[in-house]
Amino acid sequence: MKIGGRRVLVAEKQGVCLVLAATVPFSRLSCGYVAASDGWTDLADNFQMDWEFDEAPDGNIALTGELDLRRRREFTLGLAFGQSLSSAATTLFDSLAIRFEEHKKRYIEQWERPGVHRLPLDRFSGDGGHLYHSSYSLLLAHEDKTYPGAFIASLSLPRGESREVTITMQ
């Protein structure tokens, strides 16, 4: 399929769309049924992509694409999901518009950021800091990914305890 003049692989099931593209163009695309007309079955025959099917409705499918590496051999592959084809494609193209090195740098910064604020309390605990590290990680898992420092509120109580609560409105 072409979106914005670019050949992409697309799949949809129960209202969820998937779009796959790369920073180099696809020279060939196919969508087939697993173990019957998929890319693996095609390539197993003669190591060549001979089949190009436009669609495979209602089944266990596999998407196959051949990248055109004549101009450059380094590329970034992108995969996006969305509630519509346009939302998945927009997410994908926005992501591919930023160089991989920038994504990698941001990912590493975000991965290392929480450890900067963790206190060195390991030697003061009876378990070498395992409970502290787990608790710290659990709290960070609830941190909003768009707005660092904002946390998702939860009505659950710590350690799986439960209590009956009565709320009276007046």
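Residues numbered from 1 in each chain as written. Predicted model: local features only at pLDDT ≥ 70, side-chain atom pairs only at ≥ 80, totals over all residues. Heavy atoms only, no water.

(A) Local environment of a negative patch on the surface. A cluster of acidic side chains, namely Glu74, Glu101, Glu102, Glu109 and Glu112, defines a negative patch on the protein surface. Here glutamate 74 is to be found in the loop between strand E6 (61–67) and strand E7 (77–82). Residue glutamate 74 is classed as exposed on the basis of its relative accessible area of 69%. (Patch = residues over 30% accessible without salt bridge, like charges linked within 9 Å, V, L, I, M, F, W, Y side chains within 5 Å. Areas by Shrake-Rupley, 256 points an atom, 1.4 Å probe, with all protein chains shown as cover. Salt bridge = Lys/Arg side-chain N within 4 Å of Asp/Glu carboxyl O. Lys, Arg positive; Asp, Glu negative; His and termini not counted. Charge placed at Lys NZ, Arg CZ, Asp CG, Glu CD. Helix = DSSP H or I, 4+ residues; strand = E, 2+ residues; numbered from the N terminus. Buried < 20%, exposed > 50% of the residue type's maximum accessible area, 1.4 Å probe, protein only.)

(B) Main features of the sheet that holds strand E3 (residues 9–13). The three strands lie next to each other as E3-E4-E7, forming an open sheet whose pairing is antiparallel. Since the sheet does not close on itself, it has two edges, and those belong to E3 and E7, each with one partner. With direction set aside, neighbouring strand axes in the sheet form an average angle of 15°. Pairing analysis gives five bridges linking E3 to strand E4 (residues 16–22), with the strands arranged antiparallel. Bridged to lysine 13 within E4 is valine 16. (Pairing = 2+ DSSP bridges. Axes fitted to C-alpha atoms, helices over the stretch in contact; angles between N-to-C directions.)

(C) Molecular detail of the pattern of salt bridges. Counted according to the given criterion, the structure contains four salt bridges. In this structure, arginine 28 and glutamate 52 form a salt bridge, with 3.0 Å as the shortest nitrogen-oxygen distance. Highlighted residues: arginine 28 in strand E5 (residues 26–33) and glutamate 52 in the loop between helix H1 (39–46) and E6, separated in sequence by 24 residues. Across the salt bridge formed by arginine 70 and aspartate 68, the nearest N and O atoms sit 2.8 Å from each other. For arginine 70, a relative accessible area of 74% puts it in the exposed group.

(D) Inspection of the packing of aromatic side chains at higher detail. Tallying each qualifying case throughout the model produces three aromatic pairs. Where tryptophan 51 meets phenylalanine 53, the ring centres are 6.1 Å apart and the plane angle is 50°; that geometry is what we call tilted. You can call tryptophan 51 partly exposed: its relative accessible area is 29%. Ring centres of tyrosine 107 and tryptophan 111 lie 6.3 Å apart, and the angle between their planes is 20°; this geometry places the pair in the stacked category. With tyrosine 107 and tryptophan 111 both in helix H3 (residues 100–116) and four residues apart, the pair spans about one turn of that helix. In this pair, the class of tyrosine 107 matches that of tryptophan 111, namely exposed. (Phe/Tyr/Trp six-rings, centres within 6.5 Å; stacked < 30°, edge-to-face > 60°.)

(E) A look at a nonpolar patch on the surface. Together, Val16, Leu79 and Phe81 make up an exposed nonpolar region whose accessible area comes to about 290 Å². Classification of valine 16 as partly exposed rests on a relative accessible area of 36%.

(F) Representation of the side chain of serine 30 in the model. Note on placement: serine 30 falls in strand E5. A polar side-chain atom of serine 30 sits 2.9 Å from the main-chain amide nitrogen of phenylalanine 53. If sequence neighbours within four positions are ignored, serine 30 has contacts with Leu9, Met49, Trp51, Glu52, Phe53, Ala62, Leu63 and Thr64. (Polar contact = N/O pair within 3.5 Å; in protein donor to acceptor, adjacent residues only side chain to side chain. Contact = heavy atoms within 4.5 Å.)

(G) Summary view of the side chain of aspartate 38. Looking at the element boundaries, aspartate 38 is found in the loop between E5 and H1. A polar side-chain atom of aspartate 38 sits 2.4 Å from a polar atom in the side chain of threonine 41. Setting aside its immediate chain neighbours within four residues, aspartate 38 contacts Gly32, Tyr33, Trp51, Ala62 and Thr64.

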